[in-house]
Structure formats: structure tokens, C-alpha cells
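Residue-level structure breakdown
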Amino acid sequence: ANNRKLWCDCCFRHDVAYWRGGSEGERKEADRALQACVLERTGNKALAEMMYDGVRIGGSPVFPTWYRWGYGWKYGRGYQPLTDEEQNQLAELFEQYQKDYPSGYCRAKE
């Protein structure tokens, strides 16, 4: 359960959601998805709950951190839903990321 390789991609998907940002509901969905993924991969309920609690406490968009909700945007965005133009911009950036790192983040860390 402590093998981070088991749940690295859970965290990566969560990081992408936080980079993207959006509504408060989308943040809650991303945090619940992280919790469910970690639990599924590890079977460790305490670890999954600890990770969920950590992101709920520390990931608020009010904190001027690099890992806050919506960190891909200028600080102060908060819980604004994404426009179609912003969603297209993010899709292009993520597509480029995938081209630059075809093996993915977790494989690159192995």
C-alpha cells in the first residue's frame, strides 16, 4: 500500500484536474476521484482518506500555492467555471504535454 507506483497515476489525474481548475463541484469530484482511485489501487482506506483530507484542506484556490485549485491560471481565479475557449486552450496544452512525455509522468518517475 505504501508503493507509490500503485497510485501515481491517481495523483497525476488529480494534479491535471487542479491545474485545469473550474467550479467548486468539479474540485469535489476530483478529490473524491483521487480518494476512490487510491483506495481501489491499494485497498488502504486510511491512506485514501488521508489523501482526500489533505487535498480538501490544502488545495483551496485561496492559497497562493503552486498546487492550489486552478494553479494553471493566474492567482485569484477561484472557482470560476471554464469557458469553451479556456477548455480548448487546456486541451491543446495537455495534448502537447502528452507528445512531449509519451510514457507519461509516472513512467518517467520510475
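Reference entry: report on the structure contained in this document. (Residues numbered from 1 in each chain as written. Predicted model: local features only at pLDDT ≥ 70, side-chain atom pairs only at ≥ 80, totals over all residues. Heavy atoms only, no water.)

Describing the pattern of salt bridges
The criterion, for reference: For this document, the term salt bridge refers to a Lys or Arg side-chain nitrogen within 4 Å of an Asp or Glu carboxyl oxygen. The helix and strand labels rest on DSSP assignments: H or I over at least four residues marks a helix, E over at least two residues marks a strand, and numbering proceeds from the N terminus. Note on classification: 1.4 Å probe, protein chains only; a residue is buried when its accessible area is under 20% of the maximum for its type, exposed when over 50%, partly exposed between these limits.
Following the criterion strictly, the structure yields eight salt bridges and no others. A salt bridge links aspartate 31 to arginine 27; the nearest nitrogen and oxygen atoms lie 3.7 Å apart. With aspartate 31 and arginine 27 both in helix α2 (residues 24-42) and four residues apart, this pair spans about one turn of that helix. Given a relative accessible area of 0%, aspartate 31 falls into the buried group. Residue lysine 45 is joined to glutamate 49 by a salt bridge in which the shortest nitrogen-to-oxygen separation is 3.9 Å. Placement of the pair is lysine 45 and glutamate 49 together in helix α3 (residues 45-58), with a separation of four residues, close to one helical turn. Owing to a relative accessible area of 53%, lysine 45 belongs among the exposed residues under this scheme. Glutamate 49 sits in the partly exposed class, given a relative accessible area of 34%.

Side note on the packing of aromatic side chains
Selection rule: For this analysis, a ring pair means two rings from Phe, Tyr or Trp (six-membered ring only for Trp) whose centres lie within 6.5 Å, classed as stacked if their planes differ by under 30 degrees, edge-to-face if by over 60, and tilted for the remaining angles.
Applying the stated criterion across every chain, the model contains eight aromatic pairs. Arranged with centres 5.8 Å apart and planes meeting at 10 degrees, the rings of phenylalanine 12 and tyrosine 105 form a pair that is stacked. With phenylalanine 12 in helix α1 (residues 4-20) and tyrosine 105 in helix α5 (residues 104-109), this pair connects stretches of sequence that are 93 residues apart. Taking 6.1 Å as the distance between ring centres and 15 degrees as the angle between the ring planes, the aromatic pair formed by phenylalanine 94 and tyrosine 97 counts as stacked. Of this pair, phenylalanine 94 and tyrosine 97 are both found in helix α4 (residues 84-100), three residues apart, which corresponds to roughly one turn of the helix. Given a relative accessible area of 24%, phenylalanine 94 falls into the partly exposed group. Three or more aromatic residues joined by ring pairs form one cluster here, namely Phe12, Phe94, Tyr97, Tyr101 and Tyr105.

Topic: a nonpolar patch on the surface
Under the convention used in this document: The residues that make up patches have over 30% relative accessible area and no salt bridge, and they are joined within 9 Å when like-charged or within 5 Å when they are Val, Leu, Ile, Met, Phe, Trp or Tyr. Exposure was quantified through the Shrake-Rupley algorithm and a 1.4 Å probe, taking into account, for residues, occlusion by the shown protein chains and nothing else.
A grouping of Val62, Phe63 and Tyr75 is seen on the molecular surface, where their side chains present a nonpolar patch of about 290 Å² in accessible area. For tyrosine 75, the location among the structural elements is in the loop between α3 and α4. Exposure remark for tyrosine 75: the relative accessible area of 44% places this residue in the partly exposed category.

Let's talk about the nonpolar core
Condition: Residues belong to a common nonpolar core when they are buried Ala, Val, Leu, Ile, Met, Phe, Trp, Tyr or Cys residues joined through side-chain atoms within 4.5 Å. The contact criterion used is simple: two residues touch if any of their non-hydrogen atoms lie within 4.5 Å.
Formed by 14 residues in total, the largest nonpolar core has its most connected members in Trp7, Cys10, Leu34, Val38 and Met51. Elements with a minimum of two residues in this core: α1, α2 and α3. Counting residues per element, this core draws most heavily on α1, which supplies five residues. When residues no more than four places from it in sequence are discounted, the contact partners of methionine 51 are Trp7, Cys11, Leu34 and Val38.

Some thoughts on the environment of glycine 58
Topologically, glycine 58 is positioned in helix α3. Looking at glycine 58, the relative accessible area reads 22%, which means it is partly exposed. Along the primary structure glycine 58 and arginine 68 are separated by ten residues, whereas in three dimensions their C-alpha atoms are 7.4 Å apart. In contact with glycine 58, other than residues within four places in its own chain, are Phe63 and Tyr67.

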